[in-house]
Amino acid sequence: MGSLLDVPGLRVGHAQRSEDGWLSGVTAVVLPPGSAGGVDVRGGGPGTIETDALDPSTLVQTVDGIALCGGSAYGLAAAGGVQLWLEQQGQGHPVVGGVVPIVAGAVIFDLGRGGDFGARPDAAMGFEAAAACVGLEDAPDGGLRGCVGAGTGAAVGRAMYKGGVGMASVKVPGGAVPGPPGGAPVVLPEGIVVGALAVVNAAGVPVFPGAAGAGELGDTEGEAEIAQEAAAAGEGGGARGSVAPDALNTTLVVVATNASLTPAECKRLATAAHAGLARALDPSHTLVDGDTVFGLSTRAVEFDRSSEAGRVVGLMSVQVAAANAVREAILDGVRSATPVTTPAGTWERFPVP
């Protein structure tokens, strides 16, 4: 499907409101029991919850879910709803009397974009998103991308154009890979996949590849003009809506693999994935962005760690795939967005080259 769901065992669900002053929502990612996670926050204006629980040095070495939410810091309450749903399923860290699901989360700034500053996600919406989670085996043909979930109120280009949720996946080729000079080849197992989901609410503008070749920019002059237009409109007070030009932004990413990684390696996966974010958005990681990447592993596919070369090649292969998947997921989120009009203004689709 070219989505996060291509990683077996992962499930994604959305809940959103777009009427009566609302333009916000929640996206929940539910992992198989025993999954590992890490996080890397690069933006200057983040809003997060339970990210410390993903530190590789902490007691609990697993993660059960990720909550991506609208509503700025107020929306962090929605993560509690995802946690409650997981508790009902009996999934979480076992303690005396029950379980404690480990749910990390992050938020985007979309306050007031529906017209009502107080219309923002809460625990009930987080529960709704988790309950709506689907996997690859039962995912609908549509409905998981675009202006859904946490992408409902997302915008790009200093809040001038509509943003949304995008997904992508990259398969890591199995077979023999050249090892170090003079060393034996490293054999990667078949079936490793890296998937990404992005909520694109960036201050910057997307950078789309041209038709000239993979990794090459196309009409750079045209892209520069688009960027200048968005910035100029923002300086002028927001021609397409009443949102302030200095409104906060954030791109949130979940990147996951079925390759077996430790929590420390998941953190490094998230770090490497930020390269894809930087390739897709210009600028990125600014003071007014809260750019956050969660790196996850379902630990289903082992690769050769019997030698240092095997370990390094395996990890680097997954990290390279992660950066590529994240870039494509972000661009997919911009392509999948649709125009919206609320009492606060109108956000058109970004002019994709």
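Our structure's up above, just so we're on the same page.
(A) Representation of the sheet that holds strand E11 (residues 165-171). Taken in spatial order, the five strands make up an open sheet running E3-E18-E16-E14-E11, and their pairing is mixed. The open sheet has two edge strands, strand E3 (36-41) and E11, and neither has a second partner. Looking at each pair of strands side by side, their axes are set apart by 15 degrees on average, direction ignored. In the sheet, E3 pairs with strand E18 (residues 292-301) via six bridges, with the strands oriented antiparallel. When the bridges of E18 are listed, Val-39 appears paired with Phe-294.

(B) Up close: the pattern of salt bridges. This structure, assessed with the given rule, holds five salt bridges. Residue Glu-265 pairs with Arg-305 through a salt bridge whose shortest N-O separation is 2.8 Å. Taken together, the positions of Glu-265 in helix H4 (residues 263-280) and Arg-305 in the loop between E18 and helix H5 (308-336) put the pair 40 residues apart, joining distant regions of the chain. Assessed through its relative accessible area of 13%, Glu-265 is described here as buried. Ionic pairing is found between Arg-311 and Glu-308, a salt bridge with its closest N-O pair at 2.8 Å. Of this pair, Arg-311 and Glu-308 are both found in helix H5, three residues apart, which corresponds to roughly one turn of the helix. Classification of Arg-311 as partly exposed rests on a relative accessible area of 30%.

(C) Geometry of the packing of H4 against H5. Here H4 crosses H5 at 40 degrees, and the two axes come no closer than 7 Å. Of the possible angle classes, the one that applies to H4 and H5 is oblique. The two elements H4 and H5 meet at a crossing, and its hand is right-handed. Side by side, H4 and H5 meet where Glu-265, Arg-268, Leu-269, Ala-272, Ala-273, Ala-275, Gly-276, Leu-277, Arg-279 and Ala-280 of the first sit next to Arg-311, Leu-315, Val-318, Gln-319, Ala-322, Ala-323, Asn-324, Val-326, Arg-327, Ile-330 and Leu-331 of the second. Classifying every residue of the contact of H4 with H5 gives 13 nonpolar, three polar and five charged.

(D) Structural detail: the packing of helix H1 (residues 78-88) against helix H2 (residues 123-131). Running from amino to carboxyl end, H1 crosses H2 at an angle of 50 degrees, the nearest separation of the two axes being 6 Å. Taken together, the axes of H1 and H2 lie oblique to each other. Where H1 crosses over H2, the two elements pack in a sense that is right-handed. Between H1 and H2, the contacting residues are Ala-78, Gly-81, Val-82, Leu-84, Trp-85 and Gln-88 on the first element and Ala-123, Gly-126, Phe-127, Ala-130 and Ala-131 on the second. Here the residues of the contact of H1 with H2 are counted per class, giving eight nonpolar, three polar and no charged.

(E) Inspection of the environment of Ala-309 at higher detail. Relative to the elements of secondary structure, Ala-309 occurs in helix H5. Residue classification places Ala-309 among the partly exposed positions, given a relative accessible area of 22%. As for Ala-309 and Gly-179, which are separated by 130 residues in sequence, their C-alpha atoms are 6.4 Å apart. The residues contacting Ala-309, other than those within four sequence positions of it, are Pro-180 and Val-186.

Reading the values: the criteria
- Residues numbered from 1 in each chain as written.
- Predicted model: local features only at pLDDT ≥ 70, side-chain atom pairs only at ≥ 80, totals over all residues.
- Heavy atoms only, no water.
- Pairing = 2+ DSSP bridges.
- Helix = DSSP H or I, 4+ residues; strand = E, 2+ residues; numbered from the N terminus.
- Axes fitted to C-alpha atoms, helices over the stretch in contact; angles between N-to-C directions.
- Salt bridge = Lys/Arg side-chain N within 4 Å of Asp/Glu carboxyl O.
- Buried < 20%, exposed > 50% of the residue type's maximum accessible area, 1.4 Å probe, protein only.
- Parallel < 35°, antiparallel > 145°, perpendicular 65-115°, else oblique.
- Left-handed = near helix turned anticlockwise from the far one by under 90°.
- Contact = heavy atoms within 4.5 Å.
- Nonpolar A, V, L, I, M, F, W, Y, C, P; charged D, E, K, R; others polar.

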